[in-house]
Amino acid sequence: MGGLLPFLMVVGSLAMVMAFFTWLAVLVRRRGVAGSAFRSIVDVYDQAWHATGHDSHYEIQVQAERKLPIPSPDDPWRPDHGMITRPASPSRGGARPVPR
(Lines give C-alpha, C1' and ligand atoms only; values in the text may rest on other atoms or scores of the structure.)
Protein backbone atom coordinates (compact mmCIF):
# COMPACT_ATOMS: atom_id res chain seq x y z
CA MET A 1 0.00 0.00 0.00
CA GLY A 2 2.95 2.34 0.69
CA GLY A 3 4.12 2.19 -2.95
CA LEU A 4 0.62 2.85 -4.31
CA LEU A 5 -0.03 6.04 -2.32
CA PRO A 6 2.38 8.35 -4.26
CA PHE A 7 0.95 7.07 -7.56
CA LEU A 8 -2.62 7.80 -6.39
CA MET A 9 -1.57 11.28 -5.23
CA VAL A 10 -0.09 12.10 -8.66
CA VAL A 11 -3.14 10.75 -10.51
CA GLY A 12 -5.50 12.62 -8.15
CA SER A 13 -3.57 15.88 -8.58
CA LEU A 14 -3.60 15.50 -12.35
CA ALA A 15 -7.36 14.84 -12.30
CA MET A 16 -7.93 17.99 -10.22
CA VAL A 17 -5.83 20.12 -12.59
CA MET A 18 -7.65 18.76 -15.64
CA ALA A 19 -11.04 19.36 -13.97
CA PHE A 20 -10.00 22.97 -13.22
CA PHE A 21 -8.96 23.58 -16.84
CA THR A 22 -12.21 22.04 -18.10
CA TRP A 23 -14.24 24.31 -15.83
CA LEU A 24 -12.16 27.31 -16.94
CA ALA A 25 -12.68 26.48 -20.64
CA VAL A 26 -16.45 26.24 -20.15
CA LEU A 27 -16.49 29.55 -18.28
CA VAL A 28 -14.42 31.35 -20.93
CA ARG A 29 -16.55 30.02 -23.78
CA ARG A 30 -19.78 30.97 -22.01
CA ARG A 31 -18.62 34.55 -21.43
CA GLY A 32 -17.19 34.89 -24.94
CA VAL A 33 -13.79 36.27 -23.95
CA ALA A 34 -11.79 33.48 -25.55
CA GLY A 35 -11.75 34.89 -29.07
CA SER A 36 -10.34 38.34 -28.40
CA ALA A 37 -7.83 37.17 -25.80
CA PHE A 38 -6.53 34.35 -27.98
CA ARG A 39 -6.40 36.63 -31.02
CA SER A 40 -4.27 39.18 -29.16
CA ILE A 41 -1.92 36.51 -27.82
CA VAL A 42 -1.40 35.10 -31.30
CA ASP A 43 -0.96 38.59 -32.72
CA VAL A 44 1.77 39.44 -30.21
CA TYR A 45 3.56 36.17 -30.92
CA ASP A 46 3.33 36.72 -34.68
CA GLN A 47 4.58 40.28 -34.35
CA ALA A 48 7.64 39.15 -32.42
CA TRP A 49 8.67 36.06 -34.36
CA HIS A 50 6.92 36.06 -37.72
CA ALA A 51 6.83 39.45 -39.42
CA THR A 52 4.92 38.10 -42.40
CA GLY A 53 2.48 36.34 -40.06
CA HIS A 54 1.79 39.65 -38.35
CA ASP A 55 1.06 41.28 -41.68
CA SER A 56 -1.21 38.44 -42.74
CA HIS A 57 -3.09 38.75 -39.41
CA TYR A 58 -4.06 42.31 -40.31
CA GLU A 59 -4.91 41.23 -43.86
CA ILE A 60 -7.28 38.58 -42.48
CA GLN A 61 -8.91 41.19 -40.22
CA VAL A 62 -9.46 43.52 -43.18
CA GLN A 63 -10.99 40.71 -45.21
CA ALA A 64 -13.32 39.80 -42.34
CA GLU A 65 -14.52 43.41 -42.00
CA ARG A 66 -15.20 43.84 -45.72
CA LYS A 67 -18.68 45.19 -46.40
CA LEU A 68 -19.48 43.81 -49.86
CA PRO A 69 -19.19 40.04 -50.21
CA ILE A 70 -16.82 38.94 -52.93
CA PRO A 71 -18.36 36.33 -55.22
CA SER A 72 -16.78 32.91 -55.14
CA PRO A 73 -14.94 31.75 -58.26
CA ASP A 74 -17.18 28.66 -58.22
CA ASP A 75 -20.41 30.68 -58.48
CA PRO A 76 -22.06 30.82 -61.90
CA TRP A 77 -21.63 34.10 -63.74
CA ARG A 78 -24.53 36.55 -63.61
CA PRO A 79 -24.61 40.00 -65.20
CA ASP A 80 -24.49 42.83 -62.65
CA HIS A 81 -27.02 45.28 -64.16
CA GLY A 82 -25.98 47.89 -61.58
CA MET A 83 -27.77 46.19 -58.69
CA ILE A 84 -24.76 46.24 -56.38
CA THR A 85 -23.88 49.71 -55.17
CA ARG A 86 -20.30 50.70 -55.71
CA PRO A 87 -18.43 53.78 -54.56
CA ALA A 88 -18.60 56.60 -57.08
CA SER A 89 -15.59 57.05 -59.31
CA PRO A 90 -13.74 60.35 -58.72
CA SER A 91 -13.23 60.77 -62.48
CA ARG A 92 -17.01 60.98 -63.05
CA GLY A 93 -17.58 63.59 -60.39
CA GLY A 94 -19.59 61.29 -58.16
CA ALA A 95 -22.52 60.88 -60.60
CA ARG A 96 -23.85 57.43 -61.32
CA PRO A 97 -24.95 56.56 -64.85
CA VAL A 98 -28.69 56.48 -65.44
CA PRO A 99 -30.03 53.25 -66.98
CA ARG A 100 -31.76 53.65 -70.33
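Residues numbered from 1 in each chain as written. Predicted model: local features only at pLDDT ≥ 70, side-chain atom pairs only at ≥ 80, totals over all residues. Heavy atoms only, no water.

Draft legend 1. The arrangement of the overall build of the protein in detail. A count of helical and extended segments in the protein gives three helices and zero strands. Of all 100 residues assigned to the protein, the portion counted as buried reaches 5%. Just so you have it, the protein exposes about 9,600 Å², and 66% of that area is on carbon and sulfur atoms. (Helix = DSSP H or I, 4+ residues; strand = E, 2+ residues; numbered from the N terminus. Buried < 20%, exposed > 50% of the residue type's maximum accessible area, 1.4 Å probe, protein only. Areas by Shrake-Rupley, 256 points an atom, 1.4 Å probe, with all protein chains shown as cover.)

Draft legend 2. Seen up close, a nonpolar patch on the surface. A surface patch of nonpolar side chains, amounting to about 490 Å² of accessible area, comprises Val17, Phe20, Phe21, Trp23 and Leu24. Assignment of secondary structure puts Leu24 in helix H1 (residues 4–31). For Leu24, a relative accessible area of 32% translates into the label partly exposed. (Patch = residues over 30% accessible without salt bridge, like charges linked within 9 Å, V, L, I, M, F, W, Y side chains within 5 Å. Salt bridge = Lys/Arg side-chain N within 4 Å of Asp/Glu carboxyl O.)

Draft legend 3. Representation of the packing of aromatic side chains within the structure. Counting across every chain of the model gives two aromatic pairs. Plain terms: the ring middles of Phe20 and Phe21 are 5.6 Å apart, the flat faces sit at 55 degrees to each other, and that makes the pair tilted. Of the residues examined, Phe20 reaches a relative accessible area of 43% and is grouped as partly exposed. Seen in terms of ring centroids, Phe20 and Trp23 are 6.1 Å apart; in terms of plane orientation they differ by 35 degrees. Their pairing is tilted. (Phe/Tyr/Trp six-rings, centres within 6.5 Å; stacked < 30°, edge-to-face > 60°.)

Interpretation note: all reported values are geometric properties and have no functional meaning in isolation.
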